[in-house]
Number of protein chains: 2
Amino acid sequence: MEVKSAVTSLAALAHEGRLAAFRLLVQAGGEGLAAGELARRLEMLPNTLSANLNILANAGLVVSQRDGRSIVYRAQYDAMRDLLGFLVEDCCGGSPEICAPLFKTVNDCC
Amino acid sequence: MEVKSAVTSLAALAHEGRLAAFRLLVQAGGEGLAAGELARRLEMLPNTLSANLNILANAGLVVSQRDGRSIVYRAQYDAMRDLLGFLVEDCCGGSPEICAPLFKTVNDCC
DNA sequence: TCCATATTTCCAGTATATTCGAAATATGAG
DNA sequence: CTCATATTTCGAATATACTGGAAATATGGA
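Residues numbered from 1 in each chain as written. Chains lettered and ligands numbered in written order. Predicted model: local features only at pLDDT ≥ 70, side-chain atom pairs only at ≥ 80, totals over all residues. Heavy atoms only, no water.

**Quick word on the side chain of Asn52 of chain A**
All names here are of chain A.
Item 1. In this fold, Asn52 is placed in helix H4 (residues 46–58).
Item 2. Here Asn52 falls in the buried class, since its relative accessible area comes to 9%.
Item 3. Look past the residues within four positions of Asn52 in its chain and what remains in contact with it is His15, Arg18 and Met44. (Helix = DSSP H or I, 4+ residues; strand = E, 2+ residues; numbered from the N terminus. Buried < 20%, exposed > 50% of the residue type's maximum accessible area, 1.4 Å probe, protein only. Contact = heavy atoms within 4.5 Å.)

**A few points about the protein's contact with DNA strand C**
Item 1. In the vicinity of DNA strand C there are 20 residues, among which Gly36, Ser50 and Tyr73 of chain A together with Asn47 and Arg69 of chain B approach most closely.
Item 2. For DNA strand C, the backbone makes up 72% of the atoms found within 4 Å of the protein, where backbone means sugar plus phosphate.
Item 3. A distance of 2.3 Å is found between a phosphate oxygen of DNA strand C and a side-chain nitrogen or oxygen belonging to Tyr73 of chain A.
Item 4. In the environment of DNA strand C, a phosphate oxygen lies 3.3 Å from a nitrogen or oxygen atom belonging to the side chain of His15 of chain B.
Item 5. In terms of residues, the surface near DNA strand C owes the most to one element, helix H4 (residues 46–58) of chain B, which gives four residues. (Near = heavy atom within 4 Å. Polar contact = N/O pair within 3.5 Å; in protein donor to acceptor, adjacent residues only side chain to side chain.)

Following this line, the structure appears as structure tokens:
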């Protein structure tokens, strides 16, 4: 992952509303959620949410697909993994010892 | 880690210059680097870098300590680990299968 | 076709971020 | 004490981001 791509992804997530939307989509799994359902759950105006989903999509963190009158958004797990990998790669360049606790974090969560 | 804290950290890293500074500090290890040395390596004006280091420090990602005429900055590995943990925790809430490849990423790097 | 629903696009106002020059502060050397 | 070095703080200009209202687009149903 390139630096510019990482910055774009980090910036997309560095916003309370977008981070919340992304988390909901991640938790929703492969089925995804319709834009309207997200707006309802996050209590955001549809147009504001749309703009924010667009930013997430632009960063490659989510994808959208029309389903009838709704547009369903799904998290892109690969993109998230790439971003985490980029940060981890960064961390280990100089200090492998930081990875032990991170390793533990990953273990604990699964 | 709270959402607001995560957003602050993500925003701090979502800037090419700051991300580069943070990476250098991470690679520099516990010794850290003086502000001037960072400015030289990153080819940034000292005052611009200072403002950016301040943003990183505010997010808790780096700490500073005076050493003679220089001010030495060091990466805060704990903060980075917390941020990664927050993102991982998020990811695993709904989809444990995403952790397998992440697990592999962490393994590969150490 | 006509209408309601779902979502996006456009636009303008406001807020926040970024940068740089200039001045201020802190330290150590002579 | 005076000076050079290292860094920060201040202030203003510019750029970018965020939000919400209004209008536009797309879809499916009556």
